[in-house]
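Results of the structural survey
Spelled out from the first residue to the last, the chains are:
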Amino acid sequence: MNQIKENKLTIGILLVCFLVFGFLLTYANSDPARDSGSTRESYTTYETAKVSKIISQKLEQSDLYEGSYTGSQSLMIEIKSGTYKGSTMSATNYLGALYGTKLKKGNSIVVAIYVAKGKVDNITVYEYDRSLSILVILGLFIIVTVIVGGRKGAQSLLGLVFSIVSLIWILIPLLMKGYPTVLTTFAICLYVAMVSYLLLGGITKKTICAMTGTASGLVLAILFGLAAQSVVKVNGMRMGDYLDALLQIKQGGTPLELKGLLIGGMIVASLGAIMDVAMSISSAMQELITVNPELQKHEMWRSGMNIGRDMIGTMTNTLILAFVGSSFVMVIYIWTLKLPLYELLSSNLVATELVHSIASSIGVILSVPLTVLISTFIYCQGKKVKSA
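Computed from a predicted structure; not experimentally measured.

This next bit is on the overall build of the chain. Each helix and strand counted, the chain has ten helices and five strands in total. If you line up the chain on its principal axes, its C-alpha atoms span 90 × 60 × 40 Å. Counting across all 388 residues of the chain, residues that qualify as buried make up 36%. Of the contacts formed within the chain by residues at least 6 apart in sequence, a portion of 69% connects residues at least 24 apart. On the chain, roughly 22700 Å² of surface is accessible, and the fraction owed to carbon and sulfur atoms is 64%. If the 31 positive side-chain charges of the chain are averaged to one point and the 22 negative ones to another, these points end up 7 Å apart.

Rendered as structure tokens:
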């Protein structure tokens, strides 16, 4: 009977969450001023195409660029999508050390069609069409996850899809509407975590402990990140190559709050690790009390912290290495400069990455004692401490 009630409650809350999801998705992407582009006098549209003939090519292969081709190819292509589907047109494929792919007859590609005054003015190759390859890789990922994880694996995939849609099609549009970056990112991430926990385990003591521990860890990570950002004097306005483009977008009237992007990115980056730690701790604490119902609060706390300490080393290491890996090219470049220590530590790039990674790690570390404390309180609620 209790299980039926719990399932009904879980389904009810999930229903409310998905109704909220539908509202947020609609609201975030509502833009009366949005123009499809095709009604304008001049616009660019991206379509799929197939190479039907190589007309000519001027290519050079450079040892300096590790065998990459530079130059251009003149192509005859058949458009496979959009307004010009079925049309055969000429296109140019530009290649450089850092862009472009040498094409052959029969290759599938994505082209940029420049239209002026209703007529095609120019067509260039945007990229090799990788959509089928990516779909195959995603399909293999789904199959492996379901085979190994079973029902839980399928539920985790549903949660993953929900997370991606929430972060890309809800969070980002809301930020572009001018909502405060840090607060909005925290709210959406907390919402994502709650739905993910409900999908995986429903409403149980375990998920409540994990959810509370996640929220607490994120809050402390944000507070530490804001403090570190202030002390080190860095913010989202100096985060790399894309800021110039975002500044131009903001100058065009988009009220995006750029200064909060550093902490906002930290929240998103640390969410998965904090959820992982919080759920693992909560699950372990549940097993402890199940195996030994007579376990006292101080024993529960001590056992939970012993488990948590083992997790902290590997999880923090994983998080730091993930940040180093994602910035590997930058790390190699900085190393080649052979900067003095004071210059290296004063670099904006290094300072930004340190604040980003350390604040995330702080959230993971502090989520351990917080989740242990919360779990001890919930699982041992009503127990009287035995006297020695």
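Our focus in this paragraph is the nonpolar core. Buried together is how nonpolar side chains tend to be arranged in soluble globular proteins. In terms of nonpolar packing, the biggest core is built from 58 residues, with Y197 and I267 touching the most fellow members. Examining the composition of this core, we find that 13 residues originate from one element, helix 6 (residues 261-291), more than from any other. If sequence neighbours within four positions are ignored, Y197 has contacts with G202, T207, A210, M211, T214, M275, A278 and M279.

Along the chain, the position of I281 falls in helix 6. In this structure the C-alpha to C-alpha distance between I281 and I307, which are 26 residues apart in sequence, comes to 7.4 Å.

Moving on, we come to the packing of helix 3 (residues 181-201) against helix 6. Between helix 3 and helix 6, whose axes approach to 9 Å, the crossing angle comes to 20°. Judged by the angle between their axes, helix 3 and helix 6 are roughly parallel. In the crossing of helix 3 with helix 6, the sense of the turn from one axis to the other is right-handed. On helix 6, the residues touching T181, V182, T185, F186, C189, V192, A193, S196 and Y197 of helix 3 are L261, I263, G264, I267, V268, L271, M275, A278 and M279.

Let's shift gears to unusual backbone geometry. Phi at K117 takes a positive value of approximately 55°, unusual for a residue other than glycine. Its location among the elements puts K117 in the loop between strand 4 (108-116) and strand 5 (119-128). Residue K233 is not a glycine yet carries a positive backbone phi of 65°. What makes K233 exposed here is its relative accessible area of 67%.

This part covers a nonpolar patch on the surface. A contiguous nonpolar patch, built from F141, I142, V146, L160, I164, I168, W169 and I172 and spanning about 690 Å² of accessible area, is present on the exposed surface. Residue placement: I164 occurs in helix 2 (residues 131-176).

Turning next to the packing of aromatic side chains. Each pair of aromatic rings is reported with the distance of its centres and the angle of its planes. Under the defined criterion, the tally for this structure stands at six aromatic pairs. Measuring from ring centre to ring centre gives 5.0 Å for F21 and F162, while their planes differ by 40°; the resulting arrangement is tilted. Remark: F162 occurs in helix 2 and F21 occurs in helix 1 (residues 2-28); sequence separation between them is 141 residues. In this structure F21 comes out as buried when scored by relative accessible area, which is 15%. A ring pair is formed by Y27 and Y179, whose centres lie 6.4 Å apart and whose planes are at 85°; its orientation type is edge-to-face. You can see Y27 sitting in helix 1 and its partner Y179 sitting in the loop between helix 2 and helix 3, a full 152 residues away along the chain.

Calculation notes
- Residue numbers here run from 1 along each chain, matching the order of that chain's written sequence.
- The predicted origin of the model limits local features to residues at a pLDDT of at least 70 and limits the giving and counting of side-chain atom pairs to 80 or more, whereas totals for whole chains, interfaces and linings rest on all residues.
- Hydrogens and water molecules were not included; the side-chain quantities draw on all heavy atoms of the structure.
- Labels follow the DSSP assignment, with helices taken as runs of H or I lasting at least four residues and strands as runs of E lasting at least two, numbered in each case from the N terminus.
- Exposure categories follow from relative accessible area, calculated using a 1.4 Å probe and restricted to protein chains: below 20% of the type maximum is buried, above 50% is exposed, and the middle band is partly exposed.
- Residue contacts are counted whenever heavy atoms from the two residues lie within 4.5 Å of one another.
- Computed with the Shrake-Rupley method and a 1.4 Å probe, the accessible areas treat only the protein chains shown as cover for residues.
- For the charge count, each Lys or Arg is scored as positive and each Asp or Glu as negative, with His and the chain ends excluded.
- Lys charges are placed at NZ, Arg charges at CZ, Asp charges at CG and Glu charges at CD.
- What is meant by a nonpolar core is a set of buried Ala, Val, Leu, Ile, Met, Phe, Trp, Tyr and Cys residues, joined one to another through side-chain atoms within 4.5 Å.
- Here an angle of 0 to 180 degrees is reported between the N-to-C directions of two axes, which are lines fitted to C-alpha atoms, with helices fitted over the stretch in contact.
- Should an angle fall under 35 degrees it is taken as roughly parallel, and over 145 as roughly antiparallel, whereas 65 to 115 is taken as roughly perpendicular and any remaining angle as oblique.
- Take the far helix as the reference: if the near one is turned anticlockwise from it by less than a right angle, the crossing is left-handed, and if turned clockwise, right-handed.
- Candidates for patches are residues over 30% relative accessible area with no salt bridge; among them, like charges are joined within 9 Å and nonpolar side chains (Val, Leu, Ile, Met, Phe, Trp, Tyr) within 5 Å.
- One side-chain nitrogen of Lys or Arg within 4 Å of one carboxyl oxygen of Asp or Glu is enough to make a salt bridge.
- Aromatic rings from Phe, Tyr and Trp, with only the six-membered ring used for Trp, were paired whenever their centres fell within 6.5 Å, and each pair was classed as stacked if the ring planes differed by under 30 degrees, edge-to-face if by over 60, and tilted otherwise.

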